[in-house]
Amino acid sequence: MEVHYHDYLQLDKILNAQLLESDKQHAHAHDEMLFVVIHQAYELWFKQLHYEIDSILEILARPSLNDNSPELQTVVHRVSRCVTILRVLVHQIDIMETMTPMDFLEFRNMLRPASGFQSWQFKELEARLGLKFDQRHGKEYYTAQLRPEQVGIIKKAESDQSLLQLLNSWLERLPFFEDDHDWSGLQAHNAAPGVHPFWAEYRYQLDLSLSEAEKKNLVYFDNLFLGTDGKADPNCTLSPAANRAALFIMLYRGYPILQLPFQLLNGLLEIDEQLSSWRYRHMNMVHRMIGTRIGTGGSTGKDYLRGAADKHYIFREIAQLNSFLIERTRLPSLPNAIEATLGFVHSS
Ligand code: HEM
């Protein structure tokens, strides 16, 4: 049989899936159609985001992932697609806001206890990106309203390797410092035992660039990049080696070989930024619609949403690396052999 638009898109199912609660209760509320359609559109986009994240996780989990292969390009491309989808999701709030609080009141009570709180796809997305149970705001009840099979999906996502964890492993594999390069050109001021001359010099230059009030950043630097205090911070996903690699990528991103890795890090920060924009816009919309009343899902409403917005940054460990950047003029120069590798030119 010929493929037909209507069948291919299963429009029978999709276009007959808007069953209004207000109609069931013989009190038709005009704006409930918009409310249903917009939530369905969101869930479809969440589905697409999951589909992209699935493939990103699968590629990043390959032990042989080559950093300059089409595989990494695919990852970067799909991360960027996720960012574009998230931007659209932020904008969709404009449409929702064409509904007034009075229009919403016509059917709001009929929805209780249903709520966006029960969007398991949204919570699964956060978990697959890297949000852990311990970092959740309202962790006592964030799954309380879900069905057992939906809780199972989120718990599985929390125990599987997340994008953030796979990023950590990928960063740890980044080469440059293992090989036997000649670092003797570096001044390597104040090199502590066991610290690579590059990072010893970097720490020295960082110290020079910090103001007196910022000097405590050096302690964080030692902890995050050199792992010298020996205590693993349970809230950190990125290891010292991964942090070093990420900082190195940010510092030397002008070299061709580091451009894709940099775009990956930047794309992940953009995911956080868009998710955060969505959370704030949603929170403000909620405030406008229901003021300080509790949500239909039974949370504290706006206060819960503010807590989640403040706490649920997923790639904050990458964002904080920017605190340790130094001026270009202070950057340690690299051995010729490394410069050649970074520029695709092989030294003899
Ligand atoms: C009139 C419009 C809306 C209102 C008044 C509203 C209200 C709320 C409230 C009060 C909460 C907190 C949980 C609760 O107690 O219910 C919440 C959570 C949530 N809502 Fe909405 N919402 C609206 C539209 C939307 C739309 C269009 C989406 C799109 C999917 C959405 C998705 C979510 C999600 C995912 C959460 C959970 C957030 C988290 O746990 O961090 N909401 N909403």
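Above this text is the structure in question.
Keep in mind that what you see is a predicted model, and the values were worked out from it rather than measured.

A cluster of nonpolar residues, V3, Y5, Y8 and L9, forms a patch on the protein surface that exposes about 510 Å² of accessible area. Along the chain, the position of V3 falls in the segment before α1 (5-8). Owing to a relative accessible area of 71%, V3 belongs among the exposed residues under this scheme.

Taken N-terminus to C-terminus, the directions of helix α11 (residues 217-226) and helix α12 (residues 240-251) make an angle of 105 degrees; their axes are 6 Å apart at the nearest point. Between α11 and α12, the crossing angle belongs to the class labelled roughly perpendicular. The segment α11 lies against α12, with F221, N223, L224, F225 and L226 engaging P240, N243, R244 and L247. Considering only residue class, the contact of α11 with α12 consists of six nonpolar, two polar and one charged.

Before going further, it helps to spend a moment on the coordination of the iron atom of the ligand. There is one protein donor for the iron atom of the ligand, namely H282 (NE2), at 2.2 Å. Here H282 lies in helix α13 (residues 259-290).

Attention now moves to the nonpolar core. Nonpolar side chains in soluble globular proteins tend to end up buried together. Ranked by internal contacts, the top residues of the largest apolar core, which has 96 residues, are W170, F198, W199, F248, I271 and F315. Among the elements that take part in this core, α13 stands out by supplying 14 residues, more than any other. With sequence-adjacent residues up to four places away left out, F198 is seen in contact with F177, W183, L186, F248, Y252, P332 and L334.

For the rest of this paragraph, the subject is unusual backbone geometry. The omega torsion across R112 and P113 is 0 degrees, close enough to zero to call that bond cis. Structurally, P113 is set in the loop between α6 (101-111) and α7 (120-129). Although it is not a glycine, Q10 sits at a positive phi angle of roughly 55 degrees. If you trace the backbone, Q10 turns up in the loop between α1 and α2 (11-14). A residue is classified by how much of its surface remains accessible, and Q10, at 38% relative accessible area, is partly exposed. With a phi angle near 55 degrees, H26 is a residue other than glycine that sits in the positive phi range. Looking at the secondary structure, you find H26 in the loop between α3 (21-24) and α4 (32-60).

On to the site of the ligand, then. Around the ligand sit 28 residues in total, of which S115, H282, G297, S299 and Y304 are the nearest. Here R279 contributes a side-chain N or O atom positioned 3.1 Å from an oxygen atom of the ligand. In the environment of the ligand, an oxygen atom lies 2.6 Å from a nitrogen or oxygen atom belonging to the side chain of Y304. Elements with a contribution of two residues or more to the shell around the ligand: α4, α7, α13 and α14 (302-311). The element that contributes the greatest number of residues to the shell around the ligand is α13, accounting for seven residues. Taken together, the residues of the shell around the ligand sort by class into 16 nonpolar, ten polar and two charged.

Calculation rules
Residues numbered from 1 in each chain as written. Predicted model: local features only at pLDDT ≥ 70, side-chain atom pairs only at ≥ 80, totals over all residues. Heavy atoms only, no water. Patch = residues over 30% accessible without salt bridge, like charges linked within 9 Å, V, L, I, M, F, W, Y side chains within 5 Å. Areas by Shrake-Rupley, 256 points an atom, 1.4 Å probe, with all protein chains shown as cover. Salt bridge = Lys/Arg side-chain N within 4 Å of Asp/Glu carboxyl O. Helix = DSSP H or I, 4+ residues; strand = E, 2+ residues; numbered from the N terminus. Buried < 20%, exposed > 50% of the residue type's maximum accessible area, 1.4 Å probe, protein only. Axes fitted to C-alpha atoms, helices over the stretch in contact; angles between N-to-C directions. Parallel < 35°, antiparallel > 145°, perpendicular 65-115°, else oblique. Contact = heavy atoms within 4.5 Å. Nonpolar A, V, L, I, M, F, W, Y, C, P; charged D, E, K, R; others polar. Donors = N, O, S within 2.8 Å, 3.2 Å for Na, K, Ca; no water. Core = buried A, V, L, I, M, F, W, Y, C linked by side-chain atoms within 4.5 Å. Near = heavy atom within 4 Å. Polar contact = N/O pair within 3.5 Å; in protein donor to acceptor, adjacent residues only side chain to side chain.

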